[in-house]
Structures are given as structure tokens and as C-alpha cells.
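# Descriptive analysis of the structure
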Amino acid sequence: MPMNDEKERLRSAPLDGVWVKSSYSNGSSGDCVQLMPIDGGVAVGDSKAPGRTPQRYTRAQFATFLASVKAGAFQQ
């Protein structure tokens, strides 16, 4: 699938699924990272800013991000 088609598919995918909160988010405060599977990828939202447009990533982009986190790329 050409890159432009993939980007358009992500942009046009409806956000009609169920948000899943990260197990590492603080469950009592509502300040949570949220994920939602969408057609072609995943949407990432922020529960403290529900009016903000969620970021959208392809499955490959999100898998690369998760692998980087697990490898310690963001540790200080």
C-alpha cells in the first residue's frame, strides 16, 4: 500500500472503539495514556486532554516505538 494511502486510512479511521488505559498510568487521577486500535494502526490519546486530537500511528510505527521503550531508549 502506498504511503499516502496508508496515511489517509489512518486519518480517516473512525475513533469509535474503546479506549484502553495504560497499566502504568495512575488509575486514581485520570491522567492516563489511552490506546485504541483503529483501521491500519493505533490511536494514542491523553485522558487529561480529551478534546485534543489523538495521535495516529501505523502498526509498524507503534511496534518500533514499543521496541525502543523496551530496549531502554528513553531512560535517562
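Residues numbered from 1 in each chain as written. Predicted model: local features only at pLDDT ≥ 70, side-chain atom pairs only at ≥ 80, totals over all residues. Heavy atoms only, no water.

## Brief notes about the environment of Ala13
How we decide: Helix numbering and strand numbering both begin at the N terminus, where a helix is a DSSP run of H or I of at least 4 residues and a strand a DSSP run of E of at least 2. Throughout, exposure labels follow a simple rule: accessible area from a 1.4 Å probe, protein chains only, divided by the maximum for the residue type, with under 20% read as buried, over 50% as exposed, and the rest as partly exposed.
Along the polypeptide, Ala13 turns up in the loop between α1 (3-12) and β1 (20-21). Under the relative-accessibility criterion, Ala13 is labelled buried at 4%.

## Structural notes on the layout of surface pockets
Stated formally: Of the grid points, spaced at 1 Å and generated over the protein atoms alone, those admitting a 1.4 Å probe that cannot get out make up cavities, while open sets with protein on both sides within 12 Å along at least five of seven lines make up pockets; any residue with an atom within 4 Å of a point is treated as lining. Grid points are joined across faces, edges and corners, and a volume is the space filled by probe spheres set on the points. Asp, Glu, Lys and Arg are counted as charged, while Ala, Val, Leu, Ile, Met, Phe, Trp, Tyr, Cys and Pro are counted as nonpolar; the rest, among them Gly, fall into the polar class.
The space that makes up the largest pocket amounts to roughly 450 Å³. Breaking the lining of the largest pocket down by element, the ones donating at least two residues are β2 (33-38), β4 (55-58) and α2 (59-70). Looking at the lining of the largest pocket, the element that brings in the most residues is α2, giving 5 residues. Each residue belonging to the lining of the largest pocket can be placed in one class, and the counts come to 9 nonpolar, 3 polar and 1 charged.

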